[in-house]
Amino acid sequence: MITIGVSACLLGSHVRYDGAYKYDRIVANVIGLSAQFVPICPEVGCGLTVPRAPMELVGEPESPRLVICGGGEDLTERLLAYCRQAVNELAAERISGFIFKERSPSCALTAAVLVTAAQVPSFTAGLFAREVVRRFPTLPVVEAEQLQDDRLREEFMERVKCHTLT
């Protein structure tokens, strides 16, 4: 069976900062029929609680910092230490793809809000997604939101199956 890493919140784990339920039925009930999942929440994995204060990415797109909203504690090094450990564990699991939660400061592939020094919001990858892509540059990756589209879902699964064969 294919093994796919997934943001744990998408499988219904109550790990989000606000404790909200973010179960994604397409991920769990459609892709889950043909894949086994390795769920990861980098924020809980690095020891943060649920609920917790919301966080944001600040600084430059090449090296964003993860801080508690409003200029609070910098959690970047804590999260990055966990990310390095988690990608090593993913390598051992021999995953064939990863499904990320969009707009997350840790898991978004492209659309995590980044607050720059000029206080102008732009977008970047979340810290964990960035580390996964850096470590596994050929791994098929997608944000859960994209899987709502039948064609994109089929394309992702085909890429995952091809990656499994390599």
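Notes on the structure follow. All of these numbers come straight from a predicted model, not from anything done at the bench.

The rules behind the values
- Residues numbered from 1 in each chain as written.
- Predicted model: local features only at pLDDT ≥ 70, side-chain atom pairs only at ≥ 80, totals over all residues.
- Heavy atoms only, no water.
- Core = buried A, V, L, I, M, F, W, Y, C linked by side-chain atoms within 4.5 Å.
- Buried < 20%, exposed > 50% of the residue type's maximum accessible area, 1.4 Å probe, protein only.
- Helix = DSSP H or I, 4+ residues; strand = E, 2+ residues; numbered from the N terminus.
- Contact = heavy atoms within 4.5 Å.
- Pairing = 2+ DSSP bridges.
- Phe/Tyr/Trp six-rings, centres within 6.5 Å; stacked < 30°, edge-to-face > 60°.
- 1 Å grid on protein atoms, 1.4 Å probe; cavity = no way out; pocket = protein on both sides within 12 Å on 5 of 7 lines; lining within 4 Å.
- Points joined across faces, edges and corners; volume = space filled by probe spheres on them.
- Nonpolar A, V, L, I, M, F, W, Y, C, P; charged D, E, K, R; others polar.
- Right-handed = clockwise from strand over helix to strand, strands pointing away.
- Axes fitted to C-alpha atoms, helices over the stretch in contact; angles between N-to-C directions.
- Expected span 1.5 Å × (residues − 1).
- Arc of directions from axis to C-beta.

Right, let's talk about the nonpolar core for a bit. Core analysis: the largest hydrophobic core is formed by 29 residues, its most contacted members being I40, L66, L90, F98, F100, F128 and V132. Counting residues per element, this core draws most heavily on helix 3 (residues 76-93), which supplies seven residues. Excluding residues within four positions of it along the chain, L66 makes contact with M55, E56, L57, E73, D74, L75, T76, L79, P105 and L127. The next biggest cluster of nonpolar side chains, apart from the first, holds 20 residues, and it includes I4, V6, C41 and V160.

Another point: the side chain of S96. Along the chain, the position of S96 falls in the loop between helix 3 and strand 5 (98-100). Setting aside residues no more than four positions away along its own chain, S96 makes contact with I2, T3, L139, P140, V160, H163 and T164.

Attention now moves to the pairing of strand 7 (residues 121-124). Judged from the four bridges that link them, strand 6 (residues 112-115) and strand 7 form a sheet pairing that is antiparallel. Across the sheet, A112 pairs through a bridge with T124, a residue of strand 7.

It is worth spelling out the packing of aromatic side chains at this point. Inspection of every chain in the model, using the stated rule, returns four aromatic pairs. Ring centres 6.2 Å apart and planes at 65 degrees place the aromatic pair F100 and F128 in the edge-to-face group. One end of the pair, F100, is in strand 5; the other, F128, is in helix 4 (residues 127-135), and 28 residues separate them in sequence. When its relative accessible area of 0% is taken as the criterion, F100 is described as buried.

Let us now look at the layout of surface pockets. Approximately 330 Å³ is the volume found for the largest pocket. Of the residues assigned to the lining of the largest pocket, the class counts are 11 nonpolar, three polar and six charged.

Before going further, it helps to spend a moment on the pairing of strand 2 (residues 35-40). Regular strands place side chains that alternate from one sheet face to the opposite one. In this sheet, strand 2 lies alongside strand 1 (residues 2-7) in parallel orientation, the contact comprising six bridges. Bridging across to strand 2, V6 finds its partner in P39. Viewed along the sheet, the connection from strand 1 through helix 1 (residues 25-30) into strand 2 turns out right-handed.

Taken in spatial order, the four strands of this open sheet run 4-3-6-7, and their pairing is mixed. The open sheet terminates on both sides in strands that have one partner only, identified here as strand 4 (65-68) and strand 7. Put simply, the sheet's adjacent strands are angled 50 degrees from each other on average, direction ignored. Inspection of the sheet shows strand 3 (residues 55-58) paired to strand 4 by four bridges, in the antiparallel sense. Within strand 4, the residue paired with L57 across the bridge is L66.

A word on the environment of R16. Assignment of secondary structure puts R16 in the loop between strand 1 and helix 1. With residues up to four places along the chain from it excluded, the contact list for R16 reads C9, K22, V50, R52 and K101.

Once that is clear, we can look at helix 3. Given a rise of 1.5 Å per residue, 18 residues ought to cover 26 Å, and the 25 Å separating the end C-alpha atoms of helix 3 matches this to within 8%. Taken as a whole, helix 3 has its buried residues at T76, L79, L80, Y82, C83, A86, V87 and L90. For helix 3, the buried positions fall inside an angular range of 160 degrees around the axis, keeping them on one side. Summarising the contacts, the buried residues of helix 3 are in contact with strand 2, helix 2 (42-45), strand 4, strand 5 and helix 4. Of the residues trailing helix 3, R94 is marked for its positive phi of about 55 degrees.

Below, the discussion takes up the sheet that holds strand 1. The four strands are arranged 2-1-5-8 in an open sheet whose pairing can be described as parallel. In this open sheet, the two edge strands, each paired with only one partner strand, are strand 2 and strand 8 (141-143). Averaged over all pairs of adjacent strands, the angle between their axes in this sheet comes to 25 degrees, without regard to strand direction. Sheet topology places strand 5 next to strand 8; three bridges connect them, and they run parallel. Following the sheet pairing, F98 is matched in strand 8 by V141. Contacting strand 1, strand 2 and strand 5, helix 3 runs over the sheet at an angle of about 165 degrees to strand 2. Its contacts with the sheet place helix 4 against strand 2, strand 5 and strand 8, and it is angled at close to 160 degrees to strand 5.

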